[in-house]
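# Architecture at a glance
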Amino acid sequence: MKRQEIMLSTQEKKRNGVPHLNGNTAHALHIHTDDACCDDHVCTGKETPLRPDAFDLTDDEKIDLIAEKFAEILHILGLDLQDDSLKDTPRRVAKMYVKEVFSGLHPARKPSVQLFDNPYQYNQMLVEKNITVHSYCEHHLVPIIGVAHVAYISSGKVIGLSKINRIVRYFAKRPQVQERLTEQIAEELKKVLQTEDVAVYIDAEHFCVKTRGVEDTQSTTVTTHYSGKFLKDSLVRQEFLSIIAKK
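Residues numbered from 1 in each chain as written. Predicted model: local features only at pLDDT ≥ 70, side-chain atom pairs only at ≥ 80, totals over all residues. Heavy atoms only, no water.

The next point concerns the packing of aromatic side chains. Counted according to the given criterion, the structure contains 5 aromatic pairs. Summarising the aromatic geometry, the rings of Tyr 170 and Phe 171 are spaced 4.9 Å apart at their centres and angled 75° between planes, so their arrangement reads as edge-to-face. Assessed through its relative accessible area of 6%, Tyr 170 is described here as buried. Note on Phe 230 and Phe 240: the rings are 5.9 Å apart at their centroids and 80° apart in plane angle, and the pair reads as edge-to-face. Taken as a pair, Phe 230 in helix α6 (residues 229-232) and Phe 240 in helix α7 (residues 234-245) lie far apart in primary sequence, 10 residues in all. We note that Phe 230, like Phe 240, is buried. One aromatic cluster is present, built from ring pairs that chain together Tyr 97, Phe 102 and Tyr 136. Above the face of the Tyr 170 ring, Arg 174 is positioned so that its terminal group lies 5.0 Å from the ring centre. The ring of Phe 207 has Lys 210 lying over it, and the distance from NZ or CZ to the ring centre is 5.8 Å. (Phe/Tyr/Trp six-rings, centres within 6.5 Å; stacked < 30°, edge-to-face > 60°. Buried < 20%, exposed > 50% of the residue type's maximum accessible area, 1.4 Å probe, protein only. Helix = DSSP H or I, 4+ residues; strand = E, 2+ residues; numbered from the N terminus. Lys NZ or Arg CZ within 6 Å of the ring centre and 35° of its normal.)

This brings us to the pairing of strand β6 (residues 125-137). Pairing of β6 with strand β7 (residues 143-153) involves 10 bridges; the strand directions are antiparallel. Bridge assignment links Ser 135 to a residue of β7, and that residue is Ile 144. In sequence, β6 turns back onto β7 through a hairpin of 5 residues, with Leu 141 there showing a positive phi of about 55°. Pairing geometry for β6 and strand β9 (residues 175-176), over 2 bridges, is parallel. Each residue of the ladder has a partner; that of Tyr 136, found in β9, is Pro 175. (Pairing = 2+ DSSP bridges.)

Our next topic: the pattern of salt bridges. Considering all chains together, one arrives at 14 salt bridges under this definition. Its salt-bridge partner being Arg 180, residue Glu 138 comes within 2.6 Å of it at the nearest N-O pair. Highlighted residues: Glu 138 in the loop between β6 and β7 and Arg 180 in helix α4 (residues 178-193), separated in sequence by 42 residues. Among the salt bridges present, the one from Lys 190 reaches Glu 196, with a minimum N-O distance of 3.8 Å. By relative accessible area, Glu 196 is classed as partly exposed at 48%. Residues participating in the shared-partner salt-bridge network are Lys 46, Glu 183, Glu 187, Lys 190 and Glu 196. (Salt bridge = Lys/Arg side-chain N within 4 Å of Asp/Glu carboxyl O.)

This next bit is on the nonpolar core. If you look at the biggest cluster of nonpolar residues, it comprises 25 residues, and the most contacted ones within it are Val 150, Val 168, Leu 181, Ile 185, Leu 189, Val 200 and Ile 202. The set of elements that each furnish at least two residues to this core consists of β6, β7, α3 (161-172), α4 and β10 (198-206). What Leu 181 contacts, discounting residues up to four positions off in sequence, is Val 133, Phe 171, Ala 172, Gln 176 and Ile 202. (Core = buried A, V, L, I, M, F, W, Y, C linked by side-chain atoms within 4.5 Å. Contact = heavy atoms within 4.5 Å.)

So this is what it looks like as structure tokens:
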């Protein structure tokens, strides 16, 4: 695969009190010139790939930087940023990235979950169906939209139902691949619920498939995670699948 390699050195400059990269940095950026690479479906692990200094900047500093860079992108595309309709677009996009669609990157925004005793001694599966999933594909930064179905069997403790939705939302609000999103939700639920008996099922549309590349508007992607009884007992798993299949 042919690549154009751009080498940058380690010097940085400061503009408006915030470090900026100029033409020099320690990293080598590999720019693919083969369009086929852009359809590779890669998931590198369960953890979202973040740099150690990911949260050194404040939200406001990130918004300022992103707005500046996005203005450059629009300028390169040939758009007139003096136009009334476009002049505020860079800052709108920057605020959307930091405060909304990628807000789940920051660990400070992880939902606080409190466990409660299970006073009714309910020991069957609890299923939360049709949880809205709004995420963004990390390969093209376009939407992933779908639903998540989540189930668990209590080990003696329960959590408020809305906390399940909030956990799904937190991990969805970041650049994602669906496989990683599924695993992150499952691992967090197992940790907070103190049980291995967890199932996660996500069915979603990917706009990188719908609106670019193959432009297939009908297909959806399904990913699952089964652990504990959901993995070992086919009857438990089938009960979960039959419940989520019902309208």
